[in-house]
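Overview (structure and organization)
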Amino acid sequence: MSRAEPDDAVEPVSWWQDFYRVVRRIPRGRVTTYGVIAALAGHPRSARHVGFALAALKDPDGGSTVPWQRVLGSRPRNRAAVTIKDPVGGALQRALLESEGVTFDARGNVSLDRFGWAGPGAKKPAAAPRKRTRA
DNA sequence: CTCTTGACCACTC
DNA sequence: AGAGTGGCCAAGA
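To start, this report covers the structure provided alongside it. If you're wondering where the values come from, they're calculated on a predicted model, not measured in any experiment.

Section: the sheet that holds strand β2 (residues 71-75)
On the basis of which strands lie adjacent, the open sheet formed by four strands has the order β1-β2-β3-β4 and mixed pairing. Edge strands, defined here as strands with exactly one partner in the open sheet, are β1 (32-33) and β4 (109-111). With two bridges connecting them, β1 and β2 associate as parallel partners. Of the residues in β2, the one forming a bridge with T33 is L72.

See below:
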């Protein structure tokens, strides 16, 4: 990832740091989507950057504390699926989630109705990333 | 400043 | 149901 390096950040926080902060709050055994992370971090339209930021976690030692595996791509019908570019990383993600109790569908989808996390205040899973008021 | 690139999302064929 | 298209935001060249 040549776009941005965490260690280069002289700034106190960068946009990805906001995402990390939110991701760390995801309870064990729950999953959420990029869109949700982006919204909670204060960048509702920047779902892509969430994945971008998470991609940078692979190397730096600082990112090891972020449960990136709990972030999935949103799929219709309140479901989420792995959208990782690297097949190896995707398999790892799935394995990690399954070890936390998250069950995958035959197609590799997770029910957000059962495992979705809508935010720090949401106790009950239900969380579908709400439809954006499209023009 | 313009163009390209993304672990995305949603709408339309 | 699967594939294509546009929009989104930010950073690098």
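A closer look at unusual backbone geometry
Positioned with a positive phi, R77 is a non-glycine residue whose angle comes to about 70°. With respect to the helices, strands and loops of the structure, R77 is situated in the loop between β2 and β3 (79-81). Here N78, not a glycine, exhibits a phi torsion of approximately 55°, which is positive. In this fold, N78 is placed in the loop between β2 and β3.

Here we look at the protein's contact with DNA strand B
Around DNA strand B there are 17 residues in total, and Y34, R48, H49, W68 and S74 lie nearest to it. Contact distances for DNA strand B include 2.6 Å between a base nitrogen and a side-chain N or O atom of Y34. In the model, a base nitrogen of DNA strand B is placed 2.9 Å from a nitrogen or oxygen of the R48 side chain. For the surface near DNA strand B, the elements supplying multiple residues, two or more each, are α2 (34-41), α3 (47-55) and β2. Ranked by the residues each element gives to the surface near DNA strand B, the list is headed by α3, at six residues.

Thoughts on the nonpolar core
As a rule of thumb, soluble globular proteins bury nonpolar side chains together. One finds F19, Y20, V23, I37, V50, L54 and V71 to be the most contacted residues of the largest nonpolar core, which totals 18 residues. Looking at this core, the elements that each hand over two or more residues are α1 (15-24), α2 and α3. In terms of residue count, α1 provides more of this core than any other element does, five residues in total. Ranked by size, the runner-up nonpolar core spans nine residues in total, among them L72, V102, F104 and V110.

Rules used in this analysis
Residues numbered from 1 in each chain as written. Chains lettered and ligands numbered in written order. Predicted model: local features only at pLDDT ≥ 70, side-chain atom pairs only at ≥ 80, totals over all residues. Heavy atoms only, no water. Pairing = 2+ DSSP bridges. Helix = DSSP H or I, 4+ residues; strand = E, 2+ residues; numbered from the N terminus. Near = heavy atom within 4 Å. Polar contact = N/O pair within 3.5 Å; in protein donor to acceptor, adjacent residues only side chain to side chain. Core = buried A, V, L, I, M, F, W, Y, C linked by side-chain atoms within 4.5 Å. Buried < 20%, exposed > 50% of the residue type's maximum accessible area, 1.4 Å probe, protein only.

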